[in-house]
Structure formats: C-alpha cells, structure tokens
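What follows is the residue order along each chain.
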Amino acid sequence: MELLRIHTANELVRVSADEILYVLADGNYSDMIMVSGAKHTFTFQIHYFEELFNKLEDNPFLRVTRSLIVNVRHVYLININDRIIKFGGKNVDANVPILRLGRDSLKKFKEFMADYDERSKHN
C-alpha cells in the first residue's frame, strides 16, 4: 500500500494507490475516482498521473485509452458486447459509475487483464 503525494498550487493530497479506481481526463483536467466513490478534480493532464503511477514499486495502473488510467486490481467485469468496465471488491462503493468504452479499447484491455491474471498466479 504505497502512499502517493499529489501537490497542487493550493493542496497536498495524500492517498493510498489502492484507494484509487481510475483517473479520467478531459483536456487539462483529470478526475480521480476513489473506491469510496469520491471524486477529486485536478488541473493536471493525464500524463502527470501516468508518470506518478510509473514511480510506484508495484504499479497496478494501466493506461487503457488516451484519457483513462485504471487500477487493474479493482476491475470486476469487462463486457465487450455492452462496452463496459465494472469495478468491485470489498471496499468498492456499489455506486461507483460503470465506465463505457469503445469495443477495440475493451478488447485490448480484456486481453491485457487475462495476461495480467495469468502472470499474477506465478508470482
């Protein structure tokens, strides 16, 4: 459980990497969605978070699209036909929004998750 420190001009946000579900960007703004369902908006582009997560010793984050980074440990369901990702786990709030993505992005993500799960078995 690594602690991230995110500095802005007005805030210092300290958060465990395990408490983050995903980061969704829209231009110069990024929303960090937590397992509690809370949302925190930052004035950072998504590459800031990608670089921050890449510094983690055990990085569970994957950039799925140009505007989305997901914590793969909290992914419960990937459904290509419905084009959705659902999150789950004992600490994940039931009201966390479902993500809707394009089929191609979901297919690649599903393949990655299958490989990730297989690799996790051997570690």
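Our subject is the structure that appears above.
Residues numbered from 1 in each chain as written. Predicted model: local features only at pLDDT ≥ 70, side-chain atom pairs only at ≥ 80, totals over all residues. Heavy atoms only, no water.

(A) Spotlight on the overall build of the protein. Summing up its helical and strand segments, the protein has 2 helices and 10 strands in all. Helices (α) and strands (β) of the protein occur, in sequence order from the N terminus, as β-β-β-β-β-α-β-β-β-β-β-α. The globule rule puts the C-alpha radius of gyration for 123 residues at 14 Å, and the 14 Å found for the protein is close to it. Oriented by its inertia axes, the alpha-carbon framework of the protein measures out at about 40 × 30 × 25 Å. For the protein, buried positions account for 38% of its 123 residues. Contacts in the protein between residues at least 24 apart in sequence constitute 40% of all its contacts with a sequence separation of at least 6. Once the 17 positive and 17 negative side-chain charges of the protein are each reduced to a mean point, those two points are 4 Å apart. (Helix = DSSP H or I, 4+ residues; strand = E, 2+ residues; numbered from the N terminus. Rg over C-alpha atoms; globule rule 2.2 N^0.38 Å. Buried < 20%, exposed > 50% of the residue type's maximum accessible area, 1.4 Å probe, protein only. Contact = heavy atoms within 4.5 Å. Lys, Arg positive; Asp, Glu negative; His and termini not counted. Charge placed at Lys NZ, Arg CZ, Asp CG, Glu CD.)

(B) Region of interest: a positive patch on the surface. Together, Arg83, Arg100, Arg103 and Lys107 make up a positively charged patch on the protein surface. Mapped onto the elements of the fold, Arg83 is located in the loop between β8 (75–79) and β9 (84–87). (Patch = residues over 30% accessible without salt bridge, like charges linked within 9 Å, V, L, I, M, F, W, Y side chains within 5 Å. Areas by Shrake-Rupley, 256 points an atom, 1.4 Å probe, with all protein chains shown as cover. Salt bridge = Lys/Arg side-chain N within 4 Å of Asp/Glu carboxyl O.)

(C) Local environment of unusual backbone geometry. Positive phi, normally seen in glycine, also occurs at Arg83, with a value near 60°. The exposure class of Arg83 is partly exposed, given its relative accessible area of 40%.

(D) Spatial organisation of the nonpolar core. Ranked by size, the top nonpolar core spans 21 residues in total, and within it Leu21, Tyr22, Val70, Val75, Ile85, Phe87 and Phe109 carry the most contacts. Looking at this core, the elements that each hand over two or more residues are β3 (20–26), β7 (68–71), β8, β9 and α2 (103–121). At 4 residues, the largest contribution of residues to this core is made by α2. (Core = buried A, V, L, I, M, F, W, Y, C linked by side-chain atoms within 4.5 Å.)

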